[in-house]
Amino acid sequence: MSYPYQIKSFEQYQTAYQKSIEQPEEFWEDIAQHFTWQKKWDKVLDWEFNTPKVEWFKGGKLNITENCLDRWVATQPETPAIIWESNNPHEASRNITYKALHQKVCAFAQVLKNNGAKKGDRICIYMPMVPELTIAVLACARIGAVHSVIFAGFSAQSISDRVQDAQCNIVITADGAYRGNKTIPLKSVMDEALVNCPSVEKVIVLTRTQMAVSMLNGRDCWWDEEMKLVEEKNDYSDKAEVMDAEDMLFILYTSGSTGKPKGVVHTCAGYMVWTNYTFVNVFQYEPGQIHFCTADIGWVTGHSYIIYGPLSAGATSLMFEGIPTYPDAGRFWEVVEKHHVNILYTAPTAIRSLMGFGKSPIEGKNLSSLKILGTVGEPINEEAWHWYDENIGKENCPIVDTWWQTETGGILISNLAGVTPSKPTFATLPIPGVQPLLVDESGNELLGNAVSGNLCIKFPWPGMLRTTYGDHERCRQTYFSTYQNLYFTGDGCLRDEDGYYRITGRVDDVLNVSGHRLGTAELENAINMHSGVIESAIVGYPHDIKGQGIYAYVVFGEIHTDEEHTKQNILKTVSKIIGAIAKPDKIQFVSGLPKTRSGKIMRRILRKVAEGETENLGDTSTLLDPSIVAEIIKGRL
Ligand code: 7RM
């Protein structure tokens, strides 16, 4: 087996790119024909950015799980689909073949049906990184239910907001999760969330930690018991629901510059083609290789490059339950050695954190199986790039720097491993089908090379978001209204003298903390929930390991006990409202915020102070009370 659309040389890349621009419909039609369809599409593409309307392969009928499972069961049933490595290095790993995964997915699909699930229902998944999470995701897709996976680090409040927004009727969770030396009580967090979610009728609970949980009569049931019912009687079918190409596949919530997180919607066919095409080409996957993406399935990277991209390509995907530093900072390298990993895809923040432990965790680890390395989630700095290249790749593995977003479904700008040139800190060139464009503040296109501006995309690609769940206007507003007829990414970008792209980071009020997206408005709302807080402003500042740290300026009423205690209480509030990932790194109490006469917070000043700049703060003459700036500088942390 090989992939007829796998690009093997720079010349082939250039030819493919050219064709994808000049004849996009013919280009994608050629690729789409290599998938399993129950009926071919009537029209390859229909689009209009201002609405926005984007439809790929309209009229086509398929089920993505037939492409991820059935077609491989037919040709390579004994190939491992998933290799699972536990958080606990002493617990046995698991090896799940395509045949076994197919069987489990079909059985769990029946469990969902037995619990009232139907095509189009929204199902919330809040689970640890165990194979059953992948089984749950694929079982939803099998019956045409829309999955909404929520990262297991989110709080009850965050879950509740998301479950209500999507009006989920079923929840799939576990008793608890292991994460390093911690045990997280998933079910009890979920119980708290569901107090405010009347739409939820059934909760299916997997046993992972065997911690005590409360089971609500009539609502809650055990994964294992439900599976036993269908498996023992063999009472399930292997028939997949027939889906339209543009039927919803999943919702994934992501933070933006305003309000609560939005439910980004992806649909069946375009997303499938995009994750598969980018997986095969960016990582140059060859049959038999072991692909290890270290992301959590709670984020888009896990959806696209642990589940859908690899499985739609018949690949072997390694799923790791743990964290890079448990039981020690050699864990990734141990996993690579143990499972003979060929492709390692991780985040710059993980690389920087492991860099800090020096070379000893790597010594004695056999990393010779590694062929290709990748990074994702945030800009990578030169030092981390070289450390990765020298110590992990032994200067022998191409590194792909993959730029993309939850909204893009899959990778948009990246080198193709060993096929197109790489350049440290540069995502380099667009994937075929992607038409990037840089604009200045007023939306004028910046032509030629050696220019910096805001990154936009001017033509649809199959994997792009279709809407934000329940609020199409918000989708238009957020992504398609800043610049006419363009998709706006929210990122700043340089195109260098050679035409290579380097993404420099967000230009909106979104922070990227350890590769996790957090909106400043969302963070401020959480802090303001603390009863003593009058108001707050959040900015990012450069952080050696996290990329960006969270700096909070807080106007507090009366501090009754000591400041440290009050800070701890604020951190607790943020954990409760969003989750531990959102806890500020620094909290500075101030008597007021720098505001203009019209009441707008001047974040530019706050950002500069947080970055350590105290001299050139720019024009402060429009401030209502310029004296506040001196106080803020004086109290800087
Ligand atoms: C996949 C993912 C998206 C934001 C995006 C960027 C930043 C992602 C890179 C990057 C520089 C990269 N989805 N980003 N990849 N910046 N180089 N290779 O991360 O929705 O969670 O975040 O992440 O700012 O807009 S995401």
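Residues numbered from 1 in each chain as written. Predicted model: local features only at pLDDT ≥ 70, side-chain atom pairs only at ≥ 80, totals over all residues. Heavy atoms only, no water.

Draft legend 1. Region of interest: the overall build of the protein chain. A count of helices and strands for the protein chain gives 18 helices and 30 strands. Relative to the compact-globule value of 26 Å for 637 residues, the protein chain shows a C-alpha radius of gyration of 24 Å, a close match. Once the C-alpha set of the protein chain is aligned to its principal axes, its extents read approximately 75 × 60 × 55 Å. Within the protein chain, the fraction of its 637 residues that count as buried is 60%. Excluding contacts between residues fewer than 6 apart, the proportion of contacts in the protein chain whose partners are at least 24 apart in sequence is 71%. In the form shown here, the protein chain has an accessible surface area of approximately 24000 Å², with 48% of it arising from carbon and sulfur atoms. Mean positive and mean negative side-chain charge positions of the protein chain (60 and 76 charges, respectively) differ by 2 Å. (Helix = DSSP H or I, 4+ residues; strand = E, 2+ residues; numbered from the N terminus. Rg over C-alpha atoms; globule rule 2.2 N^0.38 Å. Buried < 20%, exposed > 50% of the residue type's maximum accessible area, 1.4 Å probe, protein only. Contact = heavy atoms within 4.5 Å. Areas by Shrake-Rupley, 256 points an atom, 1.4 Å probe, with all protein chains shown as cover. Lys, Arg positive; Asp, Glu negative; His and termini not counted. Charge placed at Lys NZ, Arg CZ, Asp CG, Glu CD.)

Draft legend 2. Region of the structure containing the packing of aromatic side chains. One pass over the structure, following the stated rule, counts 41 aromatic pairs. Ring geometry for Tyr 3 against Tyr 5: centres 6.4 Å apart, planes inclined by 50°, an arrangement best described as tilted. Grouping residues by exposure puts Tyr 3 and Tyr 5 together as buried. Aromatic rings pair up to connect Tyr 3, Tyr 5, Phe 27, Trp 28, Phe 35, Trp 37, Trp 41, Trp 56, Phe 57, Trp 274 and Tyr 277 into one cluster. When the ring centre of Trp 84 is taken as origin, the NZ or CZ atom of Arg 94, which lies over that ring, is 5.9 Å away. (Phe/Tyr/Trp six-rings, centres within 6.5 Å; stacked < 30°, edge-to-face > 60°. Lys NZ or Arg CZ within 6 Å of the ring centre and 35° of its normal.)

Draft legend 3. Region of interest: the environment of Arg 142. Here Arg 142 lies in helix α5 (residues 131-143). According to the relative accessible area criterion, Arg 142 is buried, its value standing at 1%. On a C-alpha basis, the gap between Arg 142 and Met 243 in space is 9.3 Å, while along the polypeptide they are 101 residues apart. Not counting residues up to four positions away in its chain, the partners in contact with Arg 142 are Asn 63, Thr 65, Glu 66, Asp 70, His 102, Val 105, Cys 106, Ala 109, Asp 238, Lys 239, Ala 240 and Glu 241.

Draft legend 4. Region of interest: the pattern of salt bridges. One pass over the full model with this rule turns up 32 salt bridges. Put simply, Glu 91 and Arg 208 hold a salt bridge, and the shortest N to O gap is 2.9 Å. Separated by 117 residues along the polypeptide, Glu 91 in the loop between β4 (80-85) and β5 (94-97) and Arg 208 in the loop between β11 (202-206) and β12 (220-222) bring together distant segments of the chain. In this structure Glu 91 comes out as partly exposed when scored by relative accessible area, which is 27%. (Salt bridge = Lys/Arg side-chain N within 4 Å of Asp/Glu carboxyl O.)

Draft legend 5. Seen up close, the pairing of strand β7 (residues 146-149). The alternating pattern of β7 places Val 146 and Ser 148 on one face and His 147 and Val 149 on the opposite face, and all of these are buried. Relative to β7, strand β6 (residues 122-126) runs parallel, the two being bridged by four bridges. Across the sheet, Ile 123 pairs through a bridge with His 147, a residue of β7. Note that the unit made of β6, α5 and β7 has a crossover that is right-handed. Examined bridge by bridge, β7 and strand β14 (residues 248-254) share two bridges and lie parallel to one another. Of the residues in β14, the one forming a bridge with His 147 is Phe 250. (Pairing = 2+ DSSP bridges. Right-handed = clockwise from strand over helix to strand, strands pointing away.)

Draft legend 6. Here's a closer look at the packing of helix α3 (residues 64-75) against α5. Packing of α3 against α5 brings their axes to within 8 Å, and their N-to-C directions diverge by 120°. In terms of their interaxial angle, α3 and α5 are classed as oblique. Here α3 runs over α5; the crossing is left-handed. Contact residues: α3 offers Ile 64, Thr 65, Glu 66, Leu 69 and Asp 70, while α5 offers Leu 138, Ala 141 and Arg 142. (Axes fitted to C-alpha atoms, helices over the stretch in contact; angles between N-to-C directions. Parallel < 35°, antiparallel > 145°, perpendicular 65-115°, else oblique. Left-handed = near helix turned anticlockwise from the far one by under 90°.)

Draft legend 7. Region of interest: the packing of helix α9 (residues 268-282) against helix α10 (residues 300-312). Interhelical geometry of α9 versus α10 gives an angle of 90° and a closest axis separation of 8 Å. The angle between α9 and α10 falls in the class roughly perpendicular. Packed against α9, whose contacting residues are Tyr 271, Thr 275, Asn 276, Thr 278 and Phe 279, the element α10 presents His 303, Ser 304, Tyr 305, Tyr 308, Gly 309, Pro 310 and Ser 312 at the interface. Along the lines of polarity and charge, the residues of the contact of α9 with α10 split into five nonpolar, seven polar and no charged. (Nonpolar A, V, L, I, M, F, W, Y, C, P; charged D, E, K, R; others polar.)

Draft legend 8. Expanded view of helix α12 (residues 348-355). Burial analysis of α12 places eight of its eight residues in the buried class, the great majority of the element. Buried residues of α12: Pro 348, Thr 349, Ala 350, Ile 351, Arg 352, Ser 353, Leu 354 and Met 355, and no others. Those residues of α12 that are buried lie in contact with α11 (331-339), β18 (343-346), β19 (372-376), α13 (382-392) and β29 (547-556).

Draft legend 9. Summary view of the side chain of Ser 369. Mapped onto the elements, Ser 369 comes out in the loop between α12 and β19. By relative accessible area, Ser 369 is classed as buried at 14%. Non-local contacts of Ser 369, meaning those with residues more than four positions away in its chain, are made with Val 336, His 340, Val 341 and Asn 342.

Draft legend 10. Main features of the nonpolar core. Formed by 175 residues in total, the largest nonpolar core has its most connected members in Phe 57, Phe 108 and Leu 112. Per element, the largest residue contribution to this core is 10 residues, and it comes from α9. Within the second largest apolar cluster, 28 residues are counted, among which are Ile 83, Ala 329, Val 341 and Cys 397. (Core = buried A, V, L, I, M, F, W, Y, C linked by side-chain atoms within 4.5 Å.)

Draft legend 11. Examining the environment of Ala 521 more closely. One can find Ala 521 in helix α15 (residues 520-528). For the pair Ala 521 and Asp 509, spaced 12 residues apart in sequence, the C-alpha separation works out to 7.7 Å. Filtering out sequence-adjacent residues up to four positions away, Ala 521 remains in contact with Ser 257, Thr 258 and Gly 259.

Draft legend 12. Highlighting the pairing of strand β30 (residues 586-590). The buried fraction of β30 is high, at four of five residues. Bridge analysis of β29 against β30 gives five bridges, and the strand direction is parallel. Each bridged residue has a counterpart across the sheet, and for Ala 552 the counterpart in β30 is Ile 587.

Draft legend 13. The arrangement of the sheet that holds strand β24 (residues 487-495) in detail. As summarised here, the arrangement of the four strands in space is β21-β22-β24-β25, forming an open sheet in which the pairing is antiparallel. With one partner strand each, in any of the chains shown, β21 (436-439) and β25 (501-506) form the two edges of the open sheet. When strand polarity is set aside, the average angle formed by the axes of neighbouring strands in this sheet is 45°. As paired strands, β24 and β25 are joined by five bridges and run antiparallel to one another. Bridge assignment links Arg 495 to a residue of β25, and that residue is Tyr 501.

Draft legend 14. Representation of the site of the ligand. The environment of the ligand is made up of 17 residues, and the closest members are Asp 401, Thr 402, Thr 406, Asp 491 and Arg 517. Interatomic distance of 3.1 Å between a backbone N/O atom of Gly 377 and a nitrogen atom of the ligand. Taking Asp 491, its side chain carries an N or O atom lying 2.5 Å from an oxygen atom of the ligand. In the complex, 96% of the free accessible area of the ligand, which totals 530 Å², lies under the protein chains. (Near = heavy atom within 4 Å. Polar contact = N/O pair within 3.5 Å; in protein donor to acceptor, adjacent residues only side chain to side chain.)

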